[in-house]
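The primary structure of each chain is shown beneath.
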Amino acid sequence: MFYSFLLRNKDIDINKHNSVFKIGLILDNLLANCKNIDDNFVNTVDKIEIEKLSAIAAMKDEELIKIEIENSSFINKHSIQNGYAITTILEKGEFFDLAYKNSSTYRKNFFEYKDLIKYNYPLYYKNIVDVNSKKYDVPQELIYSAILISSKFNNRLLSENSKIGLMQIPYETRKEIIPLFDPKTNIAMGTEKLKSLLETYEGNKLKSLIAYIYGEELLNKIQFDYDGDLNLELVADPEERYDLQNLILTYMFYKKLYNF
């Protein structure tokens, strides 16, 4: 997709641009060539079952909806329609970590449709993110990127390095643990930290996001251009290069999908 874009836009000198610009070109080309789902994407029988299971999911009983999905016609059938159905059912009950986990199973398939890519980069906890984005003047794409990469929307996540919840907030004492599992508290604290990093790095969103997720030690190892962009080819460690590429992709997808 990237090279087909370059063939159609030969006036662009790719050697003058680095990672963020190149990834932006790839995403623009991907989104321009995605298909749209139509009214017949899901058949009538499946729509009725989705509606029924969504009503059960709305009861917010996780064990119950898991049992109902296991007994549904969507289970053990790996199709893009079934992936869509299960994700939307889980979303209805606000089981966001399970919904994202299910979408990840169909990640490649969802990229074929512009209407489904959003399930790979969802806007879960939207009201909380909106409030804190305005309160701390932090772009929403930064908050969502930090949540997705840090926890994959698992508000119950307790990592081995003593970090908790959606935005992986560090804790020091047992008294601090329980409040950090609450999405409102967690996202507020994470957004406040992002605000502090934006001030430290003079508004550079990429540097702030890298520092938040991977730490300032890694950030200080990276060579940036005068415009704040970076060249991934200069990152020697393959794992670090992959992590940084994923971070940029996540950030750019949120920015382009939702026009933040």
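An account of the accompanying structure is given in this report. This one's a predicted model, so the numbers in the text were calculated from it and none came from an experiment.

Describing the layout of surface pockets
Item 1. When its volume is computed, the largest pocket comes out at roughly 610 Å³.
Item 2. Every element with two or more residues in the lining of the largest pocket is listed here: α6 (96-105), α10 (140-151), β2 (169-170), α12 (183-200), α13 (205-214) and α15 (238-258).
Item 3. By residue class, the composition of the lining of the largest pocket is 14 nonpolar, seven polar and six charged.
Item 4. By volume, the second largest pocket amounts to about 310 Å³.
Item 5. Lining of the second largest pocket is provided by 14 residues; of these, I69, I86, L90, L98 and N102 occupy positions nearest its centre.
Item 6. Listed by contribution, the elements that provide at least two residues to the lining of the second largest pocket are α4 (62-70), α5 (80-92) and α6.
Item 7. In terms of residue count, α6 provides more of the lining of the second largest pocket than any other element does, four residues in total.
Item 8. Within the lining of the second largest pocket, the residues separate by chemical class into seven nonpolar, three polar and four charged.

Brief notes about α12
Item 1. In this model, α12 (18 residues) spans 25 Å end to end at C-alpha, consistent with the 26 Å of a helix rising 1.5 Å per residue.
Item 2. Within α12 the residues assigned to the buried category are P183, N186, I187, A188, G190, T191, L194, L197 and L198.
Item 3. Phi for E202, located one or two positions after α12, is positive at around 50 degrees.

Brief notes about the packing of aromatic side chains
Item 1. All told, the structure shown has 17 aromatic pairs when counted by the stated rule.
Item 2. Between F111 and Y121 the ring centres are 6.4 Å apart and the planes differ by 55 degrees, which places this aromatic pair in the tilted class. Within this pair, whereas F111 is found in the loop between α7 (107-110) and α8 (114-117), its partner Y121 is found in the loop between α8 and α9 (126-136), the two being separated by 10 residues in sequence.
Item 3. Centre to centre, the rings of Y121 and Y254 are 5.8 Å apart; their planes meet at 85 degrees, and the pair counts as edge-to-face. Highlighted residues: Y121 in the loop between α8 and α9 and Y254 in helix α15, separated in sequence by 133 residues.

Overview of the pattern of salt bridges
Item 1. Scanning all chains against the criterion turns up 10 salt bridges.
Item 2. The closest approach of N and O atoms between R156 and D97, which form a salt bridge, is 2.7 Å. Residue R156 is found in the loop between α10 and β1 (163-164), and its partner D97 is found in helix α6; the two are separated by 59 residues along the sequence.
Item 3. Judged by relative accessible area, R156 falls into the partly exposed class, the value being 43%.
Item 4. Note on D97: relative accessible area 14%, which makes it buried.
Item 5. Of the charged contacts in the structure, one is a salt bridge between E240 and K221, with a shortest N-O distance of 2.8 Å. Placement of E240 in helix α15 and of K221 in the loop between α14 (216-219) and α15 is noted, with a sequence separation of 19 residues between them.
Item 6. Several salt bridges converge on common partners, so that one network encompasses E62, K66, D97 and R156.

Thoughts on the packing of α10 against α12
Item 1. Viewed as axis vectors pointing N to C, α10 and α12 meet at an angle of 120 degrees, and their least axial separation amounts to 10 Å. Overall, the two elements α10 and α12 adopt an arrangement that is oblique. At the point where α10 passes α12, the crossing takes the right-handed sense. Of the residues in α12, those touching α10 at L142, I143, A146 and I147 are I187, T191, L194 and L198.
Item 2. Of the residues assigned to the contact of α10 with α12, the class counts are seven nonpolar, one polar and no charged.

What to know about α13
Item 1. Along α13, seven of the 10 residues are buried, which leaves the element largely enclosed by surrounding structure.
Item 2. Considered for burial, the residues of α13 that qualify are L206, S208, L209, I210, A211, Y212 and I213.
Item 3. Structurally, α13 contributes buried residues whose contacts are with α2 (19-32), α10, β2, α12, α14 and α15.
Item 4. Following α13 by one or two positions, G215 has its phi on the positive side, about 95 degrees.

So, the side chain of N82
Item 1. With respect to the helices and strands, the residue N82 is situated in helix α5.
Item 2. Classification of N82 by relative accessible area gives buried; the value is 6%.
Item 3. At 3.4 Å, the side chain of N82 and the backbone oxygen of F74 are in polar contact.
Item 4. Excluding its chain neighbours within four sequence positions, the residues that come into contact with N82 are S73, F74, K77 and Y106.

About the cut-offs
- Along each chain, the written sequence defines residue order, and numbers are assigned to residues from 1.
- The predicted nature of this model means local features are confined to residues of pLDDT at least 70 and side-chain atom pairs, given and counted, to a pLDDT of 80 or more, with totals for whole chains, interfaces and linings taken over all residues.
- Think of the side-chain values as coming from all heavy atoms in the structure, minus any hydrogens and water.
- Both cavities and pockets are sets of points on a 1 Å grid over the protein atoms alone; in a cavity a 1.4 Å probe fits but cannot get out, in a pocket the set is open with protein on both sides within 12 Å along at least five of seven lines, and lining residues sit with an atom within 4 Å of a point.
- Grid points are joined across faces, edges and corners, and a volume is the space filled by probe spheres set on the points.
- Labels follow the DSSP assignment, with helices taken as runs of H or I lasting at least four residues and strands as runs of E lasting at least two, numbered in each case from the N terminus.
- Throughout, the ten residues Ala, Val, Leu, Ile, Met, Phe, Trp, Tyr, Cys and Pro are labelled nonpolar, Asp, Glu, Lys and Arg are labelled charged, and all others, Gly among them, are labelled polar.
- The span one expects for a helix is its residue count, reduced by one, times 1.5 Å.
- Exposure classes here rest on a 1.4 Å probe applied to the protein chains alone. A residue is buried below 20% of its type maximum, exposed above 50%, and partly exposed in between.
- Each Phe, Tyr or Trp ring, with Trp reduced to its six-membered ring, pairs with another whose centre is within 6.5 Å; inter-plane angles below 30 degrees give stacked pairs, above 60 give edge-to-face pairs, and intermediate values give tilted ones.
- Within this document, salt bridges are pairs made up of a side-chain nitrogen of Lys or Arg and a carboxyl oxygen of Asp or Glu, the two lying within 4 Å of each other.
- Interaxial angle, 0 to 180 degrees, is taken between N-to-C directions of lines fitted to C-alpha atoms, where a helix line uses only the stretch in contact.
- Note on terminology: angles under 35 degrees are roughly parallel, angles over 145 are roughly antiparallel, angles of 65 to 115 are roughly perpendicular, and the others are oblique.
- Here a crossing is called left-handed whenever its near helix is offset anticlockwise from the far helix by less than a right angle, and right-handed whenever the offset is clockwise.
- Note on definitions: a residue-residue contact is assigned when non-hydrogen atoms from the two residues lie within 4.5 Å.
- Any pair of nitrogen or oxygen atoms within 3.5 Å is treated as a polar contact; in protein, a donor-acceptor pairing is required on top of that, and neighbouring residues in sequence qualify only through side-chain atoms on both sides.

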